[in-house]
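Each chain, written out:
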Amino acid sequence: MTKEIIIAGFGGQGVLSMGKILAYAGLMEDKEVSWMPAYGPEQRGGTANVTVIVSDEPISSPILSTYDVAIVLNQPSLELFEGKVKPGGALIYDSYGIMTPPTRKDIHCYRVDAMDTAAANNMMKTFNMIVLGGLLKIQPIVQIEGVLKALKKTLPERHHHLIPMNEEAIRKGMEIIQEI
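Now for a quick tour of the structure. These numbers were taken from a predicted model, which means no experiment stands behind them.

A count of helices and strands for the chain gives 6 helices and 7 strands. Its C-alpha atoms give the chain a radius of gyration of 15 Å, within 12% of the compact-globule value 16 Å for 180 residues. Counting only C-alpha atoms and orienting by the principal axes, one finds that the chain spans roughly 40 × 40 × 35 Å. A burial count over the chain gives 51% of its 180 residues as buried. Of the contacts made within the chain by residues no fewer than 6 positions apart, 57% connect residues no fewer than 24 positions apart. Split by element, the accessible area of the chain, about 8800 Å² in all, is 51% carbon and sulfur.

As structure tokens, then:
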């Protein structure tokens, strides 16, 4: 099993963190991983994306031109990466940042209303974990237990009290994702 994923959006949406947590979770499950971030000098508010590869076999290159899964959190990212999803692949988007939804018919498109769910449940800091939960529902690349271990690894200890809220956010994302 090899999954090649691009996660893209604005800086500050937790794009890089989501990729890092996914990669760490893969490591915790003894998988081969690659995590390659890319962002503009603006960081918060600028564009950001991260390529994550999780595999049972060695990864030959972290550089990709097409993806099994694209997670897009804003319109510019949708426009840039929709065409780079492999036929039969998956595109996940949050409806809040997308004005014109995806149009391809040869891929599976999923909407996860993460921003609305985060706002309604007073969980804005876990927006990215809601999106990650949606991904894990349709592509169980790693187990939730691995993600929770990864959160302990990546979050500063002073924020470990937020891990239960992050777990709740992942589960909410698994509940609300829907194929379009």
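For the rest of this paragraph, the subject is the pairing of strand β6 (residues 108–111). Note that strand β5 (residues 85–93) and β6 share 4 bridges and pair parallel. By the bridge assignment, Tyr93 is partnered in β6 with Arg111. As defined by bridge partners, β6 adjoins strand β7 (residues 178–179) across 2 bridges and the pair is classed as antiparallel. Residue pairing for β7: Tyr110 is matched across the bridge by Glu179.

Conventions and cut-offs
Residues numbered from 1 in each chain as written. Predicted model: local features only at pLDDT ≥ 70, side-chain atom pairs only at ≥ 80, totals over all residues. Heavy atoms only, no water. Helix = DSSP H or I, 4+ residues; strand = E, 2+ residues; numbered from the N terminus. Rg over C-alpha atoms; globule rule 2.2 N^0.38 Å. Buried < 20%, exposed > 50% of the residue type's maximum accessible area, 1.4 Å probe, protein only. Contact = heavy atoms within 4.5 Å. Areas by Shrake-Rupley, 256 points an atom, 1.4 Å probe, with all protein chains shown as cover. Pairing = 2+ DSSP bridges.

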